[in-house]
Amino acid sequence: MASITKRSTNEGEIYYTVRVRLKGYPLQTASFERLTDARKWAASTESAIREGRHFKTAEAKKHTVAEMIDRYLSTAGLTKIQDGHTGLHLRRWRDEIGYMLLSDVTADTLTQIKDKLHNETTRNGQNRSSTTVLRYMASLSKAFNTAVKSWGWLEDSPMRNIEKPKAAKGRVRFLDDDERDRLTKACKESANPLLYPAFILALSTGMRQAETMNLYWGKAPANPPKETAWGVVHLEQSCIILHQTKNKEKRRIPLVGLALQQLKELGKVRRIDSALVFPSHKDPHKPIDLKKPWLKALSTAEIENFHWHDIRHTTASYLAMNGASLAEIAEILGHKTLQMVQRYSHLSDSHVSNVLASMNAKILGGA
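Treat the numbers as computed from the prediction; the structure is a model and nothing was measured.

Chemist: Before we move on, could you go through the packing of aromatic side chains and cite the residues and values that matter?
Modeler: This structure, assessed with the given rule, holds 6 aromatic pairs. Ring geometry for Phe32 and Trp41: centres 5.9 Å apart, planes at 45°, overall tilted. Considering the side-chain rings of Phe199 and Trp294, the 6.2 Å spacing of their centres and the 35° angle between planes classify their relative orientation as tilted. Taken as a pair, Phe199 in helix α8 (residues 195–205) and Trp294 in helix α11 (residues 291–300) lie far apart in primary sequence, 95 residues in all. When sorted by exposure, Phe199 lands in the same class as Trp294, which is buried. Grouped by ring-pair contacts, the aromatic residues Phe199, Trp294, Phe306 and Trp308 constitute a single cluster.

Here's what the structure looks like:
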């Protein structure tokens, strides 16, 4: 029940003290200058306590955004790769609004920071993309949802009411036939003997760079890397088993053609002091860094605006142009959904046309 007591200060000013006491709950008190405000607070507080809302709001007044982010980062179990993304995003939010109490964070506040992130100029001289801003928002949303569902610090996430930017279309840069021939030649002639087989393997399989560089011969290492993708080459089975991937699912990749041939040749001259397929010259227990020979090969081949990850786009594009379905491309590349491979759909238009023509000819007959 609520009780209201009329009091006065030493200067004679009148105020009202409210006490709300419900069995099984801590005493709640507040003071107001007007009796009507005291009555409204008493009624709303008593109602909130009975409905289980009051103390969630009280918790939001005890914790700052910085406390929420720090606790989330310390308990979420992020890998080094994830911390490089989610951690980076959350630390930026902490710099911007870490001082704020959770109860004071509004959709308007978050929208202002969202717009600020989008309008900032990045290292490449351009504004941050909508996709990147969306990732910053997704990282903060995860922290807020955890504070709501797991810790009871909030009744609801303020991210729920924010209009999210539309993700930009995925970048598709792939090598045309002439570019592929020039780059293949430059890699083959590189002073680094591991560049060419690594390039051929990446082009043949569509594996990510981390997946390619962290391959081991024959069997899993005694202490496999915990913070990045890795896999094992099985020459006798003509395949690669990726034990750890970006989406945390094991994947089997067939080895065929030139890629299989290159790995067999590499296996004949492999280093005996390392189980890695592409070991570093300086430390055989770490994968090689091919950045310098790769950039030189690109320069020699006169290839512009092309990154190592674009080899993966090239593989996917070739698959699409050679009749692979989006589902098949997703399976080969290791995507959980078709959304990530929709960017290649226009490259398979001729294949789709051929499939429709074949069906029409068989079912409906010729024109």
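Chemist: Can you tell me about the sheet that holds strand β1 (residues 2–8), naming the residues and giving the values?
Modeler: Pairing is antiparallel across the open sheet formed by 3 strands, whose spatial order is β1-β2-β3. Here the strands that pair on one side only, and so sit at the sheet edges, are β1 and β3 (28–32). The mean angle between the axes of side-by-side strands here comes to 20°, regardless of whether they run parallel or antiparallel. With 5 bridges joining them, strand β2 (residues 14–20) and β3 adopt antiparallel strand pairing. What sits directly across from Thr17, in β3, is Ser31. Helix-sheet contacts for helix α1 (residues 35–50) involve β1, β2 and β3, and the interaxial angle to β2 is about 10°.

Chemist: Mind laying out the nonpolar core, listing which residues take part and the relevant values?
Modeler: Formed by 39 residues in total, the largest nonpolar core has its most connected members in Leu183, Phe199, Leu201, Ile240, Phe278 and Trp294. Leave out the neighbours within four places in its chain, and Phe278 touches Leu194, Pro197, Ala198, Leu201, Thr212, Met213, Leu266, Lys286, Pro287 and Ile288. Core analysis: the next-biggest nonpolar cluster, separate from the first, contains 27 residues, Val133, Tyr136, Leu140 and Ala147 among them.

Chemist: Provide a residue-level description of the sheet that holds strand β5 (residues 230–234), including the pertinent values.
Modeler: With mixed pairing, the 4 strands of this open sheet are ordered in space as β4-β5-β6-β7. The outermost strands of the open sheet, each flanked by one partner alone, are β4 (215–217) and β7 (251–254). With direction set aside, neighbouring strand axes in the sheet form an average angle of 25°. The pairing of strand β6 (residues 239–244) with β7 spans 4 bridges and is classified as antiparallel. Paired with Ile241 across the strands is Arg252, a residue of β7.

Chemist: Tell me about the side chain of Arg173, residues and numbers included.
Modeler: Residue placement: Arg173 occurs in the loop between α6 (130–149) and α7 (177–188). Under the relative-accessibility criterion, Arg173 is labelled buried at 14%. Within polar-contact distance, the side chain of Arg173 engages the backbone oxygen of Asn305 at 3.1 Å. Once residues within four sequence positions are removed from consideration, Arg173 is found in contact with Glu179, Ile303, Glu304, Asn305, Phe306, Asp310, His313 and Thr314.

Criteria and thresholds
- Residues numbered from 1 in each chain as written.
- Predicted model: local features only at pLDDT ≥ 70, side-chain atom pairs only at ≥ 80, totals over all residues.
- Heavy atoms only, no water.
- Phe/Tyr/Trp six-rings, centres within 6.5 Å; stacked < 30°, edge-to-face > 60°.
- Helix = DSSP H or I, 4+ residues; strand = E, 2+ residues; numbered from the N terminus.
- Buried < 20%, exposed > 50% of the residue type's maximum accessible area, 1.4 Å probe, protein only.
- Pairing = 2+ DSSP bridges.
- Axes fitted to C-alpha atoms, helices over the stretch in contact; angles between N-to-C directions.
- Contact = heavy atoms within 4.5 Å.
- Core = buried A, V, L, I, M, F, W, Y, C linked by side-chain atoms within 4.5 Å.
- Polar contact = N/O pair within 3.5 Å; in protein donor to acceptor, adjacent residues only side chain to side chain.

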